[in-house]
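Chains, contacts and geometry: an overview
In case you want the letters, here they are:
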Amino acid sequence: MINHYKFEDEPGLRDLFITVDDPESHVTAIETFITYRVATKTSRSEFDSSEYEVRRRYQDFLWLKSRLEEAHPTLIIPPLPEKFIMKGMVERFSEEFIETRRRALQKFLSRIADHPTLTFNEDFKIFLTAQAWELSSHKKQGPGLFSRMGQTVRAVASSVRGGVKNRPEIFMEMNDYMEIFTQKINLLDKISHRIYKEERDYFHEMKEYGPIHTLWSASEEDLVDSLKGVANCIDKCCKATEKRMTGLSENLLPVIHEYVLYSDILMGVLKRRDQIQTELESKVDALSTKKAEKDLLREEIGKLEDKVECANNALKADWDRWKQNMQYDMKSAFTNVAESNLQYYEQCLASWESFLTSQTVDLHLEEDSEDRP
């Protein structure tokens, strides 16, 4: 979102525009799934055309995310929405669910497109441009070299007890920050969903509450205007509540939950950085204990030192960028909620004040008529 607004102010800086829309349901003998149209417009020279239009399903987005993680293990890859939804929120394959997922997939691709490194990833380009059969063929090529290297790193790390010995202070601070952030954002996500559920229950009760007054007015001749006035106020408040619910579901809940997913991603990135350093430390330890193969170990250590430095620099740069985006997104979400709440209470207050004014005027007219001889 931060990059979306930034590039609106500076449109000349952006050369890749991606839209996710037009969901279609597909039913086969084995499964039911949704595909989305992914439309791309670009002025980049590495693309053969300026416009592309392909259809992608959720599994294709998962494939792209895994390939980005393989190629850039210490960059912060944007999260995807979960495959399964929270029970009690929306039904799977309902219009609300499909639209919520579409917006999340749109944000996922937009964040990649705006990332200074990920945007030039070859698999990302293939995802945007290849037809279904071409993408399927590309997927069958299996994991890349970096994935196999990652497996080796994990194997080495798991064999070394105690983990990283000399983690730099900046990454210690990142880890501490993420532990607190994860705790707070998960709590915020839980409370926000509870507030939304309570708001939804209140809305459904309000929808039943108003008509009761209208029905009652049919049997109370002297209270017809008052009862209909109350019903009208409740109806207006009900519509304002529905609007506020839409604001919560579109502007607050997705933002908070995205950063719940980000918290897991960040912890994973920090662990992968540690694994690379652990491999380096194990080679350094081996150099001091082994008399033979010292030349080979020194060569491996040199390569690993470069690898650790690259990993550290990549993570530090991405960390600063992620924090800026997070702070902007959170401030925007909370500001939207505050403005929505103000509008909601102003509308409800105006409705009830108007009703009270009308009742006061009617009451004075009745008193005046009674005082006349």
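In this report, we go over the structure that sits alongside the text. Every chain is numbered independently, its residues counted from 1 as its sequence is written. Totals for whole chains, interfaces and linings use all residues, but because this is a predicted model, local features are given only for residues with pLDDT of at least 70 and pairs of side-chain atoms are given and counted only at 80 or more. Side-chain figures throughout are based on the complete set of non-hydrogen atoms in the structure, without hydrogens or water.

**Looking at the overall build of the chain**
This is how the line gets drawn: The numbering of helices and of strands both runs from the N terminus, where a helix is a DSSP run of H or I of at least 4 residues and a strand a run of E of at least 2. Three labels apply to residues, based on accessible area from a 1.4 Å probe with only protein chains included: buried if under 20% of the type maximum, exposed if over 50%, partly exposed otherwise in between. Here, two residues are considered to be in contact whenever any of their heavy atoms come within 4.5 Å of each other. Every accessible area reported is derived by Shrake-Rupley at a probe size of 1.4 Å, with residue values counting cover from the shown protein chains alone.
Counting its regular elements, the chain contains nine helices and three strands. Taken from N to C terminus, the helices and strands of the chain fall in the order α-β-β-β-α-α-α-α-α-α-α-α. With 373 residues in all, the chain has 40% of them scored as buried. Nonlocal contacts in the chain, meaning residues at least 24 apart in sequence, comprise 74% of its contacts between residues at least 6 apart. When the accessible area of the chain is evaluated, it comes to approximately 22,000 Å², of which 54% is carbon and sulfur surface.

**Section: a negative patch on the surface**
As a reminder, the rule being used: Residues forming no salt bridge and having over 30% relative accessible area are the ones grouped into patches, like charges within 9 Å of each other and nonpolar side chains (Val, Leu, Ile, Met, Phe, Trp, Tyr) within 5 Å. Salt bridges are identified by distance alone: a Lys or Arg side-chain nitrogen within 4 Å of an Asp or Glu carboxyl oxygen. Positive charge is attributed to Lys and Arg, negative charge to Asp and Glu, and no charge count is given to His or to the chain ends. The atom standing in for a charge is NZ when the residue is Lys, CZ when it is Arg, CG when it is Asp and CD when it is Glu.
Together, Glu169, Glu173, Asp176 and Glu179 give the surface a local cluster of negative charge. By the secondary structure assignment, Asp176 is in helix α7 (residues 169-217). Asp176 gets classed as partly exposed once you look at its relative accessible area, which sits at 44%.

**Description of empty space enclosed by the protein**
Where empty space is left in the structure can be found by rolling a water-sized probe over the atoms. Definition in use: A pocket, in this scheme, is an open set of points on a 1 Å grid over the protein atoms alone with protein on both sides within 12 Å along at least 5 of 7 lines, while a cavity is a set where a 1.4 Å probe fits but cannot get out; residues line either one if an atom lies within 4 Å of a point. Grid points are joined across faces, edges and corners, and a volume is the space filled by probe spheres set on the points. Each residue receives one of three labels: charged for Asp, Glu, Lys and Arg, nonpolar for Ala, Val, Leu, Ile, Met, Phe, Trp, Tyr, Cys and Pro, and polar for the others, Gly being one of them. Boundaries of every domain are those given by an automatic assignment or by a domain database.
One pass over the full model with this rule turns up one cavity of 30 Å³ or more. Volume-wise, the largest cavity comes out at about 120 Å³. Those elements that provide at least two residues to the lining of the largest cavity are α8 (224-289) and α9 (294-371). Here the lining of the largest cavity takes four residues from α9, the largest share from any one element. A breakdown of the residues in the lining of the largest cavity according to their chemical character gives five nonpolar, three polar and three charged. Inspection of the lining of the largest cavity shows a minimum of three residues originating in each of domain 1 (16-136) and domain 2 (169-371).

**Let's talk about the packing of aromatic side chains**
The cut-off we apply is this: Stacked, tilted and edge-to-face are the three classes assigned to paired rings of Phe, Tyr and Trp, where Trp is represented by its six-membered ring and a pair needs centres within 6.5 Å; plane angles under 30 degrees give stacked, over 60 edge-to-face, the rest tilted.
Scanning all chains against the criterion turns up twelve aromatic pairs. Consider the rings of Phe181 and Trp322, whose centres lie 5.5 Å apart with planes at 80°: the pair is edge-to-face. Note that Phe181 is positioned in helix α7 and Trp322 in helix α9, a separation of 141 residues in sequence. Accessibility expressed as a relative area gives 4% for Trp322, which makes it buried. With a centroid separation of 6.0 Å and an interplanar angle of 70°, the aromatic rings of Tyr262 and Trp322 are classed as edge-to-face. Placement of Tyr262 in helix α8 and of Trp322 in helix α9 is noted, with a sequence separation of 60 residues between them. Residue Tyr262 shares its accessibility class with Trp322, and that shared class is buried. Each residue in the set Tyr177, Phe181, Tyr259, Tyr262, Trp319 and Trp322 is aromatic and connected to the rest through ring pairs, giving one cluster.

**Here's the deal with the sheet that holds strand β1 (residues 16-27)**
What counts, and what does not: We treat two strands as partners when DSSP finds at least two bridges between them. Think of each axis as a best-fit line through the C-alpha atoms, taken over the contacting stretch in the case of a helix, with angles from 0 to 180 degrees between the N-to-C directions.
Strand order in this open sheet of three strands is β1-β2-β3, and the pairing throughout is antiparallel. The open sheet has two edge strands with one neighbour each: β1 and β3 (51-57). On average, each strand axis in the sheet is inclined to that of its neighbour by 20°, with strand direction left out of account. Bridging between β1 and strand β2 (residues 32-42) involves ten bridges; their strand directions are antiparallel. Of the residues in β2, the one forming a bridge with Thr19 is Ala39. Relative to β3, helix α4 (residues 122-129) is tilted by about 90°, and along the sheet it contacts β1, β2 and β3.

**Notes on helix α2 (residues 58-71)**
Here is the rule: A helix is expected to span 1.5 Å multiplied by its residue count minus one.
Spanning 14 residues, α2 covers 20 Å between terminal C-alpha atoms, matching the ideal 20 Å at 1.5 Å per step. Those residues of α2 lying buried are Tyr58, Asp60, Phe61, Trp63, Leu64, Lys65, Arg67 and Leu68. Next to the buried residues of α2 lie β2, β3, α3 (95-114), α4, α5 (132-139) and α8.

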